[in-house]
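# Structural features, examined
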Protein chains: 2
Amino acid sequence: MGHFFDSDTEVTPGADGIYNAEITDRWTGLHGRPLGSYGLAVGMRALARQMPHSDPLSVSAYFLRPIEVGPAETRTELVHKGRRMSFGQVTLSQGGEEKLRAVAAFADLPDLDGPASSFGDAPQLPPPDECVDPLADLAMPGITLLDRVEYRTTEVPGWLRGEPGTSPTRDFWMRLRDGREPDPLALTFLWDAMSPMVLEIGRAPSTTLEAAIHIRRRPAPGWLACRAATRHITGSLCEENMGIWDSTGNLVAQSRQLTLLTP
Amino acid sequence: MGHFFDSDTEVTPGADGIYNAEITDRWTGLHGRPLGSYGLAVGMRALARQMPHSDPLSVSAYFLRPIEVGPAETRTELVHKGRRMSFGQVTLSQGGEEKLRAVAAFADLPDLDGPASSFGDAPQLPPPDECVDPLADLAMPGITLLDRVEYRTTEVPGWLRGEPGTSPTRDFWMRLRDGREPDPLALTFLWDAMSPMVLEIGRAPSTTLEAAIHIRRRPAPGWLACRAATRHITGSLCEENMGIWDSTGNLVAQSRQLTLLTP
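Residues numbered from 1 in each chain as written. Chains lettered and ligands numbered in written order. Predicted model: local features only at pLDDT ≥ 70, side-chain atom pairs only at ≥ 80, totals over all residues. Heavy atoms only, no water.

Another point: the relation of the copies chain B and chain A. In the superposition of chain B on chain A (RMSD 0.0 Å, axial shift 0.0 Å), the rotation amounts to 180 degrees. What we have between these two chains is a two-fold relation. Both copies present the same face, since 100% of the interface residues in chain B are matched by interface residues at the equivalent positions in chain A. (Least-squares fit on C-alpha atoms with pLDDT ≥ 70 in both. Contact = heavy atoms within 4.5 Å.)

In structure tokens:
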């Protein structure tokens, strides 16, 4: 009994650092296409096989063109092998067109672990079983992501009730529906497995241009506590910040993406 | 009468997208070596010459090995040319060793401009002439960066008085000393032209592993208002966030870097 995330990011080795993959229709978002971060996870799974260290530590991705359902080819490159960390690059192409490019640092995350201190900016959430499922009364056909990932929030977000608010921020719980536990690879997908924050203030969905994801620690099993926030909209651009904590309260990932707003 | 920033980032075209540069000793930091972000600005200047759009919009950089004073070779690649933006990549090598690698999106920034909204997180500063020069009474030989960049703060930071505090954050003004006005290229350097935030809480200096810089707008001439903050230290890792506003109060850049702490 496998999990969707594992079977849908599977890669088959070819020659010279090339790995082939099949992009499925099981991870589509608001725009009806596969999420860019799903394509990124496929690329990171291929790159991980070339890297001498075990965990993605930092991933910087550029989304050049929309990813489509169908075959994909990833090209991986080990750029530099250091003692504590190594650096690599991966591109994902479909039909001969490059769709995404990512540079990444890998490390053995437990080697970088130690005491933590935080200076604000963590989610404030009651336990998941005291929260609501914001999608319980909602049908959103075509957004297959919602069959893969589930959420818990303190209340149904305003924009889902047709009443957007004034703050593009949200605290929520998240996990893969089929019991697949989080790990660093899953975090390279989950940082974007939610609706854009600008929906909270009544704007149209945005598309991701670039994202940087830092994986701080291997997550413990269970729900992930998340805080997503946009601080600055300037013209057609905004950033979206995401922090992810595991079920034991440890920060496990941070991401920031630059998005292009729909006029 | 040229400016140091322009002469010290100059690149000479070779064949096949290669540009040669000379890394000077005029931009060294606490560790006595040229700042990684100075090397990045050299690489971005080379890449800009290959790109069909005029401004860096997003830059993602990996710092593989320390940059040294001396000759450097940059290799540029136009990855994808789109209508509104284009994507490229640059590596900077010295002595045959790759020192840094960056992927970037370029655009014509005025095309992306429009009304702005902010949701917190902007610096609170009196005008520069009501602030102090935090380095006025300080000699820091070997840190040539301080001869290139000047700062204004509301008071001399605690760590500079030997009294570190409890909050790794700082608001300050910044500009290039010789009157060179800020532009998008200078912002690909200035995001890291300051001491690490962890010094504010008495920790040893950190080194930058990765950074993402978003350039939101071409800056107006004059001082830049900055807010730098670290929110989460976990073991050997911390992130440092930087926001830069121009003299007319517009957000012009955001950056986040992942740093490795010295034990």
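Additional details are given in the paragraphs that follow.
With that out of the way, let us pick up the interface of chain B and chain A. On the side of chain A, 57 residues touch chain B, which itself brings 57 residues to the contact. Roughly 5000 Å² is buried in total at the junction of chain B and chain A, and carbon and sulfur atoms are behind 58% of that figure. The interface formed by chain B and chain A contains 4 salt bridges. A salt bridge links A:Arg101 to B:Glu77; the nearest nitrogen and oxygen atoms lie 3.4 Å apart. Counting across the chain B and chain A interface gives 39 residue pairs in polar contact (both at pLDDT 80 or more). If one sorts the elements of the side of chain B that touches chain A by residue count, strand β14 (residues 251-261) of chain B sits on top with 7 residues. Looking at the side of chain B that touches chain A, its residues break down into 26 nonpolar, 19 polar and 12 charged. (Buried area = accessible area lost by both parts, 1.4 Å probe. Salt bridge = Lys/Arg side-chain N within 4 Å of Asp/Glu carboxyl O. Polar contact = N/O pair within 3.5 Å; in protein donor to acceptor, adjacent residues only side chain to side chain. Helix = DSSP H or I, 4+ residues; strand = E, 2+ residues; numbered from the N terminus. Nonpolar A, V, L, I, M, F, W, Y, C, P; charged D, E, K, R; others polar.)

Turning next to the environment of B:Ala107. Structurally, B:Ala107 can be placed in strand β6 (residues 97-107). When residues no more than four places from it in sequence are discounted, the contact partners of B:Ala107 are B:His53, B:Ser54, B:Asp55, B:Leu57, B:Arg84, B:Met85 and B:Leu112.

Before going further, it helps to examine the nonpolar core. With 144 residues, the main nonpolar core has A:Met174, A:Phe189, B:Met174 and B:Phe189 as its most contacted residues. Those residues in contact with B:Met174 that lie beyond four places of it in its chain are B:Val149, B:Glu150, B:Tyr151, B:Leu190, B:Ala193, B:Trp223, B:Leu224, B:Cys226, B:Met242 and B:Ile244. (Core = buried A, V, L, I, M, F, W, Y, C linked by side-chain atoms within 4.5 Å. Buried < 20%, exposed > 50% of the residue type's maximum accessible area, 1.4 Å probe, protein only.)

On to the packing of aromatic side chains. Between two aromatic rings, the relevant description is the distance of the centres plus the angle of the planes. For the structure on display, the rule yields 14 aromatic pairs over all chains. A ring pair is formed by A:Phe5 and A:Phe189, whose centres lie 5.9 Å apart and whose planes are at 35 degrees; its orientation type is tilted. Here A:Phe5, found in helix α1 (residues 4-8), pairs with A:Phe189, found in helix α4 (residues 184-190); they are 184 residues apart in sequence, far enough to count as distant. Look at A:Phe189 and you get buried, because its relative accessible area is 0%. A network of ring pairs unites the aromatic residues A:Phe5, A:Trp27, A:Tyr38 and A:Phe189 as a single cluster. One cation-aromatic arrangement involves B:Arg170 over B:Phe172; the distance from NZ or CZ to the ring centre is 6.0 Å. (Phe/Tyr/Trp six-rings, centres within 6.5 Å; stacked < 30°, edge-to-face > 60°. Lys NZ or Arg CZ within 6 Å of the ring centre and 35° of its normal.)

With that settled, the discussion passes to the state of the cysteines. All names here are of chain A. Following the criterion strictly, the structure yields 0 disulfides over all chains and no others. Not engaged in a disulfide, the cysteine cysteine 226 finds its nearest cysteine sulfur in cysteine 131; these two sulfurs lie 12 Å apart. A residue is classified by how much of its surface remains accessible, and cysteine 226, at 0% relative accessible area, is buried. (Disulfide = S-S within 2.5 Å.)

So, on to the pairing of β14(B). Residue and element names in this part refer to chain B. The buried fraction of β14 amounts to 11 of the 11 residues, a majority that puts the element mostly inside the structure. Inspection of the sheet shows strand β10 (residues 206-215) paired to β14 by 9 bridges, in the antiparallel sense. Looking across to β14, one finds that isoleucine 213 is bridged to serine 255. With 9 bridges connecting them, strand β13 (residues 237-245) and β14 associate as antiparallel partners. The residue bridging methionine 242 from the neighbouring strand is serine 255, located in β14. Where β13 folds back on β14, the antiparallel hairpin that results is connected by 5 residues, among which glycine 249 adopts a positive phi of roughly 90 degrees. (Pairing = 2+ DSSP bridges.)

By themselves, these are just geometric observations and shouldn't be taken as functional.
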